[in-house]
Number of protein chains: 2
Amino acid sequence: MSSNNRRQRREQAEAFINNVTGQSYPNSQKIYVQGTLHDIQVGMREVTQSDSLVGGGKDNPVFEPNEPICVYDTSGPYSDDTININVHQGLPQLRKAWLDQRDDSEFIGSVSSNFSQQRLADEGLDHIRFEHLPKIRQAQSGQNVSQMHYARQGIITPEMEYVAIRENMKLADVKDELLKHQHPGNSFGASIPKEITAEFVRQEIACGRAVLPANINHPEVEPMIIGRNFLIKVNANIGNSAVSSSIEEEVEKLLWSTKWGADTVMDLSTGRYIHETREWIIRNSPVPIGTVPIYQALEKVNGIAEDLTWEIFRDTLIEQAEQGVDYFTIHAGVLLRYVPMTAKRLTGIVSRGGAIMAKWCLAHHQENFLYTHFEEICQIMKTYDVSFSLGDGLRPGSIADANDEAQFSELRTLGELTQIAWQHDVQVMVEGPGHVPLHMVKENMEEQLEHCHEAPFYTLGPLTTDIAPGYDHITSGIGAANIGWYGCAMLCYVTPKEHLGLPNKDDVKEGLMTYKIAAHAGDLAKGHPGAQVRDNALSKARFEFRWHDQFNLGLDPERALQYHDETLPQESGKVAHFCSMCGPKFCSMKITQEVRDYAANLESDAIEIKVLDSLDKIIQSGESAHSEPAYSAEQGMQAKSAEFKELGSELYHSATQQPETDKVD
Amino acid sequence: MSSNNRRQRREQAEAFINNVTGQSYPNSQKIYVQGTLHDIQVGMREVTQSDSLVGGGKDNPVFEPNEPICVYDTSGPYSDDTININVHQGLPQLRKAWLDQRDDSEFIGSVSSNFSQQRLADEGLDHIRFEHLPKIRQAQSGQNVSQMHYARQGIITPEMEYVAIRENMKLADVKDELLKHQHPGNSFGASIPKEITAEFVRQEIACGRAVLPANINHPEVEPMIIGRNFLIKVNANIGNSAVSSSIEEEVEKLLWSTKWGADTVMDLSTGRYIHETREWIIRNSPVPIGTVPIYQALEKVNGIAEDLTWEIFRDTLIEQAEQGVDYFTIHAGVLLRYVPMTAKRLTGIVSRGGAIMAKWCLAHHQENFLYTHFEEICQIMKTYDVSFSLGDGLRPGSIADANDEAQFSELRTLGELTQIAWQHDVQVMVEGPGHVPLHMVKENMEEQLEHCHEAPFYTLGPLTTDIAPGYDHITSGIGAANIGWYGCAMLCYVTPKEHLGLPNKDDVKEGLMTYKIAAHAGDLAKGHPGAQVRDNALSKARFEFRWHDQFNLGLDPERALQYHDETLPQESGKVAHFCSMCGPKFCSMKITQEVRDYAANLESDAIEIKVLDSLDKIIQSGESAHSEPAYSAEQGMQAKSAEFKELGSELYHSATQQPETDKVD
């Protein structure tokens, strides 16, 4: 890329992040649900709908209102038009009072890590530094500030109540029985309650089945939960590399990710200003931020894996924990003895962290220092409540290498490490593959459940084939939906650029949309209570030709509207009872509406039902319509026929009689 | 759309279809495999690969060749640079000699259907008519020209041998054992042989488990097969509507579809010049063409469903059969008694054909005339070898309506009709849904297998959620991959424009790529022999940084290259041992390559392995490296450490030492 292009791209990003207030969605508003145990306000998005036309004639149409639909919202304050946001200041500190009240953490004078101190002292960094850094917290001596620790003591924190309310999405308030209708799911043994209570959240965190990633140095985060018995979550990876991208662009990608549904964001930057980029990201993030600290540690030793030491890594953990990173990917399961297992693979080791640690192990002929120092890492984690995401450094990088000895050996080690972390009351999730053919996906979930003691599983895809570079959001979205259904708690997105380049804004959105679909398809299949409300509401809107409602209830109202506009740009097309696919005469939904009205009419008319029954019997027995009871059937048919024709012609609604309320503001 | 835009779009389409020769793929060539039973040449695409760098130093690199990879090719003569194609003349008649030799069909003087005669007589249509219409064939009196009829008589037709060779994709010729490695699949009781023989094809067609759609009036078609024991196929829907699109655009979409992998194409046109559009499509199509004749029949009665008659429909069947349509969707399972079952649905009837027939049934209070005249339809089908695609007029249009009484009642009727068609030796496939949550997809396949006697299943998606208008290629691609795995024989694509508008070229491609992925993911999961060769070859290329090979082996070489170019446009980036995602220092694959060379070295060195074993035991037992056998282990570690560092620095290949052979010509 030319420096001109680079500058232009950076300027675009800067413009975007300097104008972030009120990124609301069409016909939506931010609402807040008040807690009962704690004084908390849980943000959600409410989509307003237009009325349904239910009867009457051209001159006296009868309408019925449709209740607003609540949808899970990851965009935080950015979609609240009443909050003025300045990315140079960072987000409001939602959790500050909660942290203060717990009185088990303390502010420290300055950063503890050597590296952070050096960066602070470097005046050359002043122009890119985040100016308004908050004071740094750590646990008071002897205290453990992890949500798991509280949960195990029977304490329901504000964070726990927050996620309970958030997960329910006001399901109890849905009035329309039609909207509440849902197929029973098949959850493969998960234990999803009909309503998520704060106590249930506490129990799930206490037993390790769920993770609530919330570093005490990330007071801006809106609490969320990752676990098999909750809504399936989606992670978006962002981050620059030595080759491309700037701080402004990464912050832009963060905001963009949360707008389009990222439940957590991982900053995988490997380029120069990692430390400063991360400050900007965390201070502006309403969602938990994850990192892979070994990337930065490797930067510190100039990319020479052999030169990594525990001391450098430890300093990096503290540096990042004090910045507020909510979870760390730690590749502590890449044991020396597993490395030769990858030698005969088609694609060896494909995890960056895995490859780095394998190289270190072989170069030194020593055991992985992340494994040998694991308990010391736990000490750091509980000082700030950073959650583990135990990295799968030996995940398969191709269909050929799926579910092999190296992969499952590491998984069992991750299971052992999970139990060690839990001894410290440190929260854990476990990372999974990768590239796995569809029929071998389930085994991954089963092995993980068994060997990792139900700690939440967090997978990358998996990609179900290798043959589609440029479309790996789709190859992996298929695997992701399946493993989500089987019990995977969080799906790490894959963008169309996977294997080819660094994702841009469009790629981030495309990856997220694919993974929101995969997660939701999984929720429906598991039978997560209330998951079907949005499908039902959207389909009802579709069936009733409430076009704007259909768009606005969808994952991407902008694209739906844009696609519709391509063939029917006029506003009249948005109230037309047909679309450009079939044209006005052939619309099956319009015809169906007529059939439906007719059949409804039938039901209320006992004699006519009898006629239809008689007809059925005639047809079933293979007799002609002239057999007994010929008279009634024939008469009935003629009457019905006339009635239907009349009814049908009445029900061609003209566009003009539709209400104006479904216009986008 | 403005008339200016319309004209521009039409002109673009015209330019495209007037320059169709040599639409070949990068580094690919068309090859032909000779039949043994018949004198036939089966076209395939062979992707040439560059050499692998396997050793040596900077100055004396050692290379090993990679064999070319055969991929299934639906693009017909269009991707053969040696064939000059003129869309105004149509494609060469591949099957003409075969049809002549069978001597059971005859040419008729002119078109038989009333409608075709009227169109021919209408001089106003001369300017859009296809000029070089071939002579029309029909079965000689008393003859049945269906592939099923031949199969049941023990005859292996050239068509059958063609598909046998085509399905194998030269698997037997693959030399590299690494490429042939494949995971055993889980096919849920399918009977997929290791090699597809012509006799196997015959048996599968004879018993109805597979369909070979090939109208005797479509001699241009390259035979293909649809069945559970063959590669999963993909259909693309094209077709204009009253609102949009021209003949040129539809022909363009046809060619575009076959270029990007459509195994069959359905022309769902509903606009004015349906008849003429179809001529152009069939004469230029190397893939089977399907239609829904009721759409055109409805046009003939000005869109008034009640005015449809068996006579008009029959005339339409003959009209289209004589044009060469290979399969007809017939909604003969929409029985009068099933219609009221849809009244309480959230989205009623969403199949156009289903809604039309339901409306007709109710208006007349008579049984569906497609059902009552089914045997007469069979007579027409076997006169031209048109295959049935029994339409699912009552498929669910929303998650809420999935797998309901209406849907499964119709399915059972389709099973009865299948058996009637088979009594006439007429080929049948059965259409399926629609909108189905992931956990309810399998039931569809099971019900279909049971009630439709293993006739091939052909589903639209299914969409696994309703909440993503604009992304329904993805919501449905997930369901399609799963149902393909479970045994569905053909997947009807869904484009991003589904529910919103008529797909354009980009949408067609996006839909097809998604469905090629779904089909291939299904093939891998079923364990279809040889399915993994392409994955293995691509992953090997990826691992060896043969960028162009990786792109060219993918489903969409153009997009892969374009995405890579976005961050590394220089040609040196295409031989670089890293990509823009991780930058040069952090590439896990590069590091892995080093680990792998090292481990390979280890294995050839018995003493070193012993050292590693000892080390393993030390680590496993929790002892320190200083325990017994401390000396050998310590010494070994130091030696290995030094050796590795040396080896590692040697293996950073510079871009300049890569061969030039992997450049795109």
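Residues numbered from 1 in each chain as written. Chains lettered and ligands numbered in written order. Predicted model: local features only at pLDDT ≥ 70, side-chain atom pairs only at ≥ 80, totals over all residues. Heavy atoms only, no water.

Undergrad: Explain the overall build of chain A here, please?
TA: Looking only at helices and strands, chain A features 24 helices and 17 strands. A total of 665 residues make up chain A; the buried ones form 67% of that total. For chain A, the proportion of contacts with a sequence separation of at least 24, taken over those separated by at least 6, is 76%. Summed over all atoms, the accessible surface of chain A reaches about 22000 Å², with 48% contributed by carbon and sulfur. (Helix = DSSP H or I, 4+ residues; strand = E, 2+ residues; numbered from the N terminus. Buried < 20%, exposed > 50% of the residue type's maximum accessible area, 1.4 Å probe, protein only. Contact = heavy atoms within 4.5 Å. Areas by Shrake-Rupley, 256 points an atom, 1.4 Å probe, with all protein chains shown as cover.)

Undergrad: Sorry if this is basic, but what is going on with unusual backbone geometry here?
TA: Residues and elements named next belong to chain A. The amide bond that connects Gly-461 to the next residue, Pro-462, takes the cis arrangement and shows omega of 10 degrees. Checked against the element boundaries, Pro-462 lands in the loop between strand E16 (457–460) and helix H17 (472–486). Here Asp-103, not a glycine, exhibits a phi torsion of approximately 55 degrees, which is positive. Residue position: Asp-103 is located in the loop between helix H2 (96–102) and strand E6 (105–108).

Undergrad: Quick question: what am I supposed to make of the sheet that holds strand E13 (residues 327–330) of chain B here?
TA: Hydrogen bonding along the main chain pairs the strands of a sheet, whether they run parallel or antiparallel. All names here are of chain B. Ordered in space as E10-E11-E12-E13-E14-E15-E16-E17, the eight strands form a closed barrel in which the pairing is parallel. With direction set aside, neighbouring strand axes in the sheet form an average angle of 25 degrees. One ladder, built from three bridges, connects strand E16 (residues 457–460) with strand E17 (residues 490–492); its direction is parallel. Bridging from a neighbouring strand, Thr-459 pairs with Leu-491 of E17. The sheet contacts of helix H11 (residues 310–323) involve strand E12 (289–291) and E13, and relative to E13 the element is tilted by about 160 degrees. Lying over the sheet, helix H14 (residues 374–384) contacts E13 and strand E14 (387–390), oriented at roughly 140 degrees with respect to E14. (Pairing = 2+ DSSP bridges. Axes fitted to C-alpha atoms, helices over the stretch in contact; angles between N-to-C directions.)

Undergrad: Would you mind going over the packing of helix H14 (residues 374–384) of chain A against helix H15 (residues 405–423) of chain A with me for this structure?
TA: All names here are of chain A. Relative to each other, H14 and H15 sit at 45 degrees, their axes nearing to 10 Å. Taken together, the axes of H14 and H15 lie oblique to each other. Handedness of the H14/H15 crossing: right-handed. On H15, the residues touching Phe-374, Glu-375 and Cys-378 of H14 are Leu-417, Ile-420 and Ala-421. Taken together, the residues of the contact of H14 with H15 sort by class into five nonpolar, no polar and one charged. (Parallel < 35°, antiparallel > 145°, perpendicular 65-115°, else oblique. Left-handed = near helix turned anticlockwise from the far one by under 90°. Nonpolar A, V, L, I, M, F, W, Y, C, P; charged D, E, K, R; others polar.)

Undergrad: Could you clarify how one ought to interpret the side chain of A:Thr316 in this entry?
TA: Residues and elements named next belong to chain A. Note that Thr-316 resides in helix H11 (residues 310–323). For Thr-316, a relative accessible area of 0% gives the class buried. When neighbours within four sequence positions are excluded, Thr-316 is seen to be in contact with Pro-293, Gln-296, Ala-297 and Lys-300.

Undergrad: Before we go on, may I ask you to explain the packing of helix H8 (residues 247–259) of chain B against helix H9 (residues 274–283) of chain B in this structure?
TA: Packed helices, taken two at a time, are described by the angle their axes make and the gap between the axes. All names here are of chain B. Relative to each other, H8 and H9 sit at 30 degrees, their axes nearing to 9 Å. In this view, H8 runs roughly parallel relative to H9, as classed from their interaxial angle. The way H8 lies across H9 gives a crossing that is right-handed. For the pair formed by H8 and H9, the contact residues are Ile-247, Glu-250, Val-251 and Leu-254 on the first element and Glu-276, Thr-277, Trp-280 and Ile-281 on the second. In terms of residue class, the contact of H8 with H9 is made up of five nonpolar, one polar and two charged.

Undergrad: Looking at this structure, I do not really get the packing of aromatic side chains. What am I missing?
TA: Within a pair of aromatic rings, the relevant descriptors are the distance that separates the centres and the angle that separates the planes. The full count for this structure, using the stated rule, is 26 aromatic pairs over all chains. Judged by centre distance (6.3 Å) and plane angle (35 degrees), the rings of B:Trp310 and B:Phe313 are tilted. Of this pair, B:Trp310 and B:Phe313 both sit in helix H11, separated by three residues, roughly a single helical turn. Of the residues examined, B:Trp310 reaches a relative accessible area of 7% and is grouped as buried. Taking relative accessible area as the criterion, B:Phe313 reaches 1% and is therefore assigned buried. An aromatic cluster is built from A:Trp310, A:Phe313, A:Trp360 and A:Phe369, whose rings are joined through pairwise contacts. Note that B:Lys259 overlies the ring of B:Tyr25, its terminal NZ or CZ placed 5.8 Å from the centroid. (Phe/Tyr/Trp six-rings, centres within 6.5 Å; stacked < 30°, edge-to-face > 60°. Lys NZ or Arg CZ within 6 Å of the ring centre and 35° of its normal.)

Undergrad: I keep staring at the environment of B:Asn403 and nothing clicks. Help me out?
TA: Residues and elements named next belong to chain B. Residue placement: Asn-403 occurs in the loop between E14 and helix H15 (405–423). Measuring from C-alpha to C-alpha, the distance between Asn-403 and Pro-437 comes to 9.6 Å, with 34 residues separating the pair along the chain. Each residue touching Asn-403, except ones within four places of it in the same chain, is listed here: Pro-396, Phe-408, Val-436, Met-440, Glu-443 and Asn-444. Only 2.9 Å separates the side chain of Asn-403 from the side chain of Glu-443, close enough to count as a polar contact. (Polar contact = N/O pair within 3.5 Å; in protein donor to acceptor, adjacent residues only side chain to side chain.)

Undergrad: How do you make sense of the pairing of strand E2 (residues 41–47) of chain B when you look at a structure like this?
TA: Successive side chains on a regular strand alternate, one facing one side of the sheet and the next facing the other. Residues and elements named next belong to chain B. In terms of burial, E2 is a largely internal element, six of the seven residues being buried. Two elements, strand E1 (residues 28–34) and E2, share seven bridges in a ladder whose sense is antiparallel. Bridged to Val-33 within E2 is Val-42. Two elements, E2 and strand E5 (residues 69–71), share three bridges in a ladder whose sense is antiparallel. Note on E5: the bridge partner recorded for Glu-46 is Cys-70.

Undergrad: Even after reading the chapter, I still don't get helix H17 (residues 472–486) of chain B, so can you show me in this structure?
TA: Because each turn of an α-helix spans 3.6 residues, side chains separated by three or four positions in sequence point in the same direction. The terminal C-alpha atoms of H17(B) lie 21 Å apart, and with 15 residues this matches the ideal 21 Å at 1.5 Å per residue to within 8%. Counted residue by residue, H17(B) has 15 buried out of 15 residues, so it is predominantly covered. (Expected span 1.5 Å × (residues − 1).)

Undergrad: What exactly am I supposed to notice about helix H16 (residues 441–451) of chain B here?
TA: Taken together, the buried positions of H16(B) are occupied by B:Val441, B:Asn444, B:Met445, B:Glu447, B:Gln448 and B:Leu449. Looking at the buried positions of H16(B), the neighbouring elements they touch are H15, strand E15 (428–432), E16 and H17 of chain B.

Undergrad: Can you help me understand the sheet that holds E1(B) in this one?
TA: Residues and elements named next belong to chain B. Taken together, the three strands give an open sheet; going across it, the order is E1-E2-E5, and neighbouring strands pair in antiparallel fashion. Either end of the sheet is taken by a strand with one partner, and the two such strands are E1 and E5. Sheet twist, expressed as the mean angle between neighbouring strand axes with direction ignored, is 45 degrees. Against the sheet, helix H5 (residues 158–168) touches E1 and E2, its axis set at about 15 degrees to E2.

Undergrad: Is there a simple way to explain the environment of B:Glu276 in this structure?
TA: With respect to the helices and strands, the residue B:Glu276 is situated in helix H9. Excluding residues within four positions of it along the chain, B:Glu276 makes contact with B:Arg119, B:Leu125, B:Ile128 and B:Ile247.

Undergrad: Any chance you could explain the environment of A:Asp472 here in plain terms?
TA: Note that A:Asp472 resides in helix H17. The class of A:Asp472 is buried, set by a relative accessible area of 0%. The spatial distance from the C-alpha of A:Asp472 to the C-alpha of A:Glu498 is 6.3 Å, given a sequence separation of 26 residues. Among residues more than four places away in sequence, those in contact with A:Asp472 are A:Leu463, A:Thr465, A:Val494, A:Thr495, A:Glu498, A:His499 and B:Arg542. A distance of 2.8 Å separates polar atoms of two side chains, one belonging to A:Asp472 and the other to A:His499.

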